[in-house]
Amino acid sequence: MFEQKSGSGLWLFFTVTFATTWAFWLTAIALGGSPTSSPTAVPYLLGGFGPVFGALAVRARRARRREPVPARAVPFRQGVRTFLALPLLVLASATVVGGALLADLLGGPGVSLTEGRELIATMGGAVPFFVSMLIAGPLAEEPGWRGTAYPRLRASMGRVGAGGLLGAVWAVWHLPLFFIEGTVQAELGLFSWSGLMFSLSVVPVALLTGYAYERAGVVASVAVHLGFNATMAVLTVESPVTQAGVLGVQIAVATALLATSRERGADRAVRARRADEVRVKQSVRAGRADEVQANRAVRAGRADARPYLAAAGAPYGHSKTQG
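Residues numbered from 1 in each chain as written. Predicted model: local features only at pLDDT ≥ 70, side-chain atom pairs only at ≥ 80, totals over all residues. Heavy atoms only, no water.

**What to know about the overall build of the protein chain**
Inference 1: Of the regular secondary structure elements, the protein chain holds 12 helices and zero strands.
Inference 2: For the protein chain, the residues scored as buried account for 39% of the 323 residues in total.
Inference 3: Restricting to contacts in the protein chain with at least 6 residues of sequence separation, those with at least 24 account for 78%.
Inference 4: Working note: accessible area of the protein chain is about 17500 Å², and carbon and sulfur atoms make up 65% of it. (Helix = DSSP H or I, 4+ residues; strand = E, 2+ residues; numbered from the N terminus. Buried < 20%, exposed > 50% of the residue type's maximum accessible area, 1.4 Å probe, protein only. Contact = heavy atoms within 4.5 Å. Areas by Shrake-Rupley, 256 points an atom, 1.4 Å probe, with all protein chains shown as cover.)

Now the structure itself:
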């Protein structure tokens, strides 16, 4: 499934990410209590940074081995393209708003900002709310999921395959949160329609953040992640009907973006590199075939020379001279 499994760093990333995150979150489960109060808050927050720990492990190994940067990796500094993060953030937020409004039109719960305003007030205002939403999720995860795992998956997979697979892994990674009292996931419930909708929604979000990463790097994927999380919190999207509406809109938007966007120069460069690798392999095989033919010719020449050696009294078939 993965190109160069032992050398790409993917297994190292997933191992470190899951080991650190689940160790911290299982500790939070064992401690009990709210994830916003001591002592549960510490392992709860640290667990969210598992993807960053995984990314650091991969980068440390790459530096130690002096390995090149993956061909699909998008540089952090994007210049003017960095400003694409803003419209992508708005687009991510719009998919949630659009899905909620669609669900409302179809007879689902009405769209309300009441609980969202209470949440912002509880957190101390808009600025603390924004900062918390930025750190807990986007900044804690995107350098790992998109900045490290995604380009390595793209080395051997298309955008849909890489995004879909990473989305499935991402959904599994969230599972311990369903057992930490006070989290959104615990309120939804793992064995419920809301819990199912949450897990399914991770896949189109992974496709959208992957698209953003390829457009303008990690900054853009952070923006999409932030837009999704913050809008879901403000609108208090918990009903499975509303979640289904958001899921449908996000699938439609992700499909449209991936179907209409052109591949960037990095994609063409990778295709050219693969073509070169194929030509090299073909040349190697051709060289080996020539070598086999040459060896056969040498053996044939030796066989032709045997009668002459025998006539001259040469010790045919022996390695020692006869005395």
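After presenting the structure, the write-up continues.
**A few points about a negative patch on the surface**
Inference 1: Where like charges cluster on the molecular surface, the negative patch consists of Glu 115, Glu 118, Glu 187 and Glu 238.
Inference 2: Topologically, Glu 187 is positioned in helix α9 (residues 184–188).
Inference 3: The exposure class assigned to Glu 187 is exposed, which follows from its relative accessible area of 54%. (Patch = residues over 30% accessible without salt bridge, like charges linked within 9 Å, V, L, I, M, F, W, Y side chains within 5 Å. Salt bridge = Lys/Arg side-chain N within 4 Å of Asp/Glu carboxyl O. Lys, Arg positive; Asp, Glu negative; His and termini not counted. Charge placed at Lys NZ, Arg CZ, Asp CG, Glu CD.)

**What to know about unusual backbone geometry**
Inference 1: In the segment running from Ser 38 into Pro 39, the intervening peptide bond is cis, with an omega of 0°.
Inference 2: Looking at where Pro 39 falls in the secondary structure, it is placed in the loop between α2 (10–31) and α3 (41–47).
Inference 3: Although it is not a glycine, Arg 66 sits at a positive phi angle of roughly 60°.
Inference 4: Position of Arg 66 among the secondary structure elements: in the loop between α4 (50–65) and α5 (85–105).

**Let's talk about the side chain of Glu 141**
Inference 1: Within the secondary structure layout, Glu 141 lies in helix α7 (residues 126–153).
Inference 2: In this structure, Glu 141 is buried with no salt-bridge partner, the nearest side chain bearing the opposite charge being Arg 146 at 5.7 Å.
Inference 3: If we skip the residues at most four places from it in the chain, Glu 141 touches Gly 48, Pro 51, Trp 170, Trp 173, His 174 and His 225.

**Digging into a nonpolar patch on the surface**
Inference 1: A cluster of nonpolar side chains, Val 127, Phe 130, Val 131, Ile 135 and Leu 139, forms an exposed patch at the surface whose accessible area comes to about 430 Å².
Inference 2: For Val 131, the position within the fold is in helix α7.

**What about the confidence of the model for the protein chain?**
Detail in the predicted coordinates should be disregarded across regions flagged by low pLDDT.
Inference 1: Model confidence for the protein chain is summarised by a mean pLDDT of 86, while 80% of its residues fall at 70 or above.
Inference 2: Here residues 1–6 scores under 50 on pLDDT; set against residues more than four positions off or in separate chains, the count is 14 contacts.
Inference 3: For residues 314–323, every residue scores under 50 in pLDDT, and the model assigns this stretch three contacts once sequence neighbours within four places are set aside. (pLDDT = per-residue confidence, 0-100.)

**Let's talk about the pattern of salt bridges**
Inference 1: Applying the stated criterion across every chain yields a total of three salt bridges.
Inference 2: Residues Arg 65 and Glu 67 are paired through a salt bridge, measuring 3.5 Å at the closest nitrogen-oxygen approach.
Inference 3: Between Glu 142 and Arg 146 there is a salt bridge, and its shortest N-O distance comes to 2.8 Å. Linking Glu 142 with Arg 146, this pair stays in helix α7, spanning four residues, or about one helical turn. One exposure class covers both Glu 142 and Arg 146, and it is buried.

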